[in-house]
Structures are given as C-alpha cells and as structure tokens.
Amino acid sequence: MATYLEFIQQNEERDGVRFSWNVWPSSRLEATRMVVPLACLLTPLKERPDLPPVQYEPVLCSRPTCKAVLNPLCQVDYRAKLWACNFCFQRNQFPPAYAGISEVNQPAELMPQFSTIEYVIQRGAQSPLIFLYVVDTCLEEDDLQALKESLQMSLSLLPPDALVGLITFGRMVQVHELSCEGISKSYVFRGTKDLTAKQIQDMLGLSKPAMPMQQARPAQPQEHPFVSSRFLQPIQKIDMNLTDLLGELQRDPWPVTQGKRPLRSTGVALSIAVGLLEVIENL
Ligand SMILES: [Zn+2]
C-alpha cells in the first residue's frame, strides 16, 4: 500500500506540484480553520514528454467567480452531458463540440493521466506574458548564488515584451520597484500580518483608478495598460536594473534559532503576489 508520503512524491514527480496542505477545504468555513494557508509550489515548465499538448481551448466552469478548468476530478454525467465543477459544485453543460462524449470517448482533459495538461490556445495573445518572481532568501550562501544564476539565466530566455516583477522574502517580504533608475526601492511587509488583496493594492498604490478602463485604453493596442506599473515592467526595459537587483540579493539577515528552520513569510509573499496579479486581471 502506498504511503501518504509516496502519494505526495508521486504528485510532485508527475505534475511538478507540491501543496502546503494536501486536503482541499470542502467549505468556506473549513477554509478559515486551516492552520496553514493553502498554497502550491508548481514547476510551470516541467517537461512531460508523455503528454502531448492539446490544440484547443480549455472548458471553464460557468460560475463567473470560479472559472475552474474541466479536469479528471470533475464528476461527469455522460447521458445528460453535464459536468460538476469540483471546486464550486456548479453543474455545467458541455460545449456543443463535446456532444459525442461518452465513457469510452473521453476528451483528454477527463483522462486520469492528464492531471496536468498543456493547452495551445489558437487565438492570438492579447496581452504579454507575466513572470512574477517570488524568491525565498532563507538559503545557504552557495544555494543563493546558484539560485541567482538560474534566475539570471531564466530572464535571458523570456520574450522581450514579457512583464516581469520581483518579490523577495525571508522573515520580511520585499516588493521591488523596477522602474526607478539608479536607486533601488522596495516596499517591505511583515510576514506575520495577513493582508487582503485590497489592502495590499492600497499599500502599494495600485488601487483602481476612478475612470473605467474601457475609456482609458491606450492608443496603441499592443501596449498593455499595466506597462506603467512600478512593479511589473517589460523585461526589455528593465533588464539591466533587474540583473543588478538579483546580483545584490542577500541571504535573509534575521538570526535563526539553533535547531530551528528560518522563519519564512511564504504565505504573505504569495498573498502579495496574488494581490499584484489581481490588479492586472481587473484591468
Ligand atoms: Zn466552479
């Protein structure tokens, strides 16, 4: 019988995913009772030679606040052509192209081995890719050096119009401004205080402008409205700046108690990352 540890290792091996907590809360109330924030570390470009990418759009849950993607854990009623979202329990109809599905004729995204799936979206990219780096600095000197080198390497592989951002965390969380020339500037958050996305956006000065964005669309359609942000910038503009910032990264300076692990603000760092990305989604 497989142990729970093996189950976790298998998931990591197969999907490049490791969760802070391996049981999904079944209600909002349960979610509030969790002693560790639900988070997952994902290896986004993990190679899966056994899984060819699919050349169509993902099917999304119809509940506007959910939009989860159809996956092998959803319950499917093949006769009624309905699927139940496994996150919000919304019952959804399959799109017309799925009329022929049955137990023996399943789309790839319902097969158990496709717990990870790569979609190649056919429509043109409307906005640039965004890479928000959230970097743990509670490392040994050697490891930090190796990490810096990997990060520099990854920057050189990004498309030039990709937007990049940098958050570093140890006991404190630092959100780095990328637009400033010469001096480096960052916002520091304590790791012990939970903040909502709204609070984070207010503190970073990213609250929504009063004018509706439809009217504020930039003249050139290629220019993403978020380009002016201090925290996310096109890599081609701030390449040097970011390279310097990464080069100067130091190990977390806070003392570590003998026999204990360093205090890491992983949860707050991720909340801030989500807060930053939500601003873009709302534009
Ligand atoms: Zn849903």
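Just above, that's the structure.
Heads up: these notes are all about the structure in this document. (Residues numbered from 1 in each chain as written. Predicted model: local features only at pLDDT ≥ 70, side-chain atom pairs only at ≥ 80, totals over all residues. Heavy atoms only, no water.)

**Remarks on the overall build of the chain**
At step 1: Tallying secondary structure elements over the chain gives six helices and ten strands in all.
At step 2: Sorting the 283 residues of the chain into buried and exposed places 31% on the buried side.
At step 3: The contacts of the chain with a sequence gap of at least 6 include a subset with a gap of at least 24, amounting to 64%.
At step 4: In the form shown here, the chain has an accessible surface area of approximately 18,800 Å², with 55% of it arising from carbon and sulfur atoms. (Helix = DSSP H or I, 4+ residues; strand = E, 2+ residues; numbered from the N terminus. Buried < 20%, exposed > 50% of the residue type's maximum accessible area, 1.4 Å probe, protein only. Contact = heavy atoms within 4.5 Å. Areas by Shrake-Rupley, 256 points an atom, 1.4 Å probe, with all protein chains shown as cover.)

**What about the coordination of the zinc ion?**
At step 1: Every protein donor of the zinc ion is listed here as Cys61 (SG), Cys66 (SG), Cys85 (SG) and Cys88 (SG), and their distances to the metal cover 2.2 to 2.4 Å.
At step 2: Taken together, the four donor atoms coordinating the zinc ion span angles of 102 to 113° at the metal, a pattern that classifies the geometry as tetrahedral.
At step 3: Along the chain, the residues donating to the zinc ion fall in the pattern C-x4-C-x18-C-x2-C. Residue cysteine 61 is located in the loop between β2 (40–42) and β3 (75–77), and its partner cysteine 88 is located in the loop between β4 (82–84) and β5 (91–93); the two are separated by 27 residues in the primary sequence. Comparing cysteine 61 with cysteine 88, the two get one shared label, buried. (Donors = N, O, S within 2.8 Å, 3.2 Å for Na, K, Ca; no water. Tetrahedral: all angles 85-135°; square planar, octahedral: opposite > 155°, others 65-115°.)

**Concerning the packing of helix α3 (residues 141–156) against helix α5 (residues 235–247)**
At step 1: As a packed pair, α3 and α5 sit with axes 11 Å apart at the nearest point and diverge in direction by 175°. By the angle between their directions, the pair α3 and α5 is classed as roughly antiparallel. Facing α3, whose interface residues are Lys148, Leu151, Gln152 and Leu155, α5 presents Ile235, Leu242, Thr243, Leu246 and Gly247.
At step 2: Residue composition of the contact of α3 with α5, grouped by class: five nonpolar, three polar and one charged. (Axes fitted to C-alpha atoms, helices over the stretch in contact; angles between N-to-C directions. Parallel < 35°, antiparallel > 145°, perpendicular 65-115°, else oblique. Nonpolar A, V, L, I, M, F, W, Y, C, P; charged D, E, K, R; others polar.)

**A word on empty space enclosed by the protein**
Any empty space left between the atoms is revealed when a probe the size of a water molecule rolls over them.
At step 1: Here the structure, examined in full by the defined rule, presents one cavity of 30 Å³ or more.
At step 2: In this model, the largest cavity occupies a volume close to 30 Å³.
At step 3: Tyr133, Val135, Leu151, Leu155, Gly165, Leu166, Leu242 and Leu246 are the residues that line the largest cavity.
At step 4: Sorting the residues of the lining of the largest cavity by element identifies β6 (130–136), α3, β7 (163–169) and α5 as the ones contributing at least two each.
At step 5: For the lining of the largest cavity, the residue count by class is seven nonpolar, one polar and no charged. (1 Å grid on protein atoms, 1.4 Å probe; cavity = no way out; pocket = protein on both sides within 12 Å on 5 of 7 lines; lining within 4 Å. Points joined across faces, edges and corners; volume = space filled by probe spheres on them.)

**Some words on a negative patch on the surface**
At step 1: Together, Glu140, Glu141, Asp142 and Asp143 make up a negatively charged patch on the protein surface.
At step 2: Inspection of the secondary structure puts glutamate 141 in helix α3. (Patch = residues over 30% accessible without salt bridge, like charges linked within 9 Å, V, L, I, M, F, W, Y side chains within 5 Å. Salt bridge = Lys/Arg side-chain N within 4 Å of Asp/Glu carboxyl O. Lys, Arg positive; Asp, Glu negative; His and termini not counted. Charge placed at Lys NZ, Arg CZ, Asp CG, Glu CD.)

**So, the packing of aromatic side chains**
At step 1: Going through the model one piece at a time under the given rule, you end up with four aromatic pairs.
At step 2: Pairing tyrosine 56 with tyrosine 119 gives two aromatic rings, centres 6.2 Å apart and planes at 70°, and the pair type is edge-to-face. Residue tyrosine 56 is found in the loop between β2 and β3, and its partner tyrosine 119 is found in the loop between β5 and β6; the two are separated by 63 residues along the sequence.
At step 3: Residue tyrosine 56 is classed as partly exposed on the basis of its relative accessible area, which comes to 30%.
At step 4: With relative accessibility at 18%, the residue tyrosine 119 sits in the buried group. (Phe/Tyr/Trp six-rings, centres within 6.5 Å; stacked < 30°, edge-to-face > 60°.)

Remember, this is a structural readout, not a statement about activity or role.
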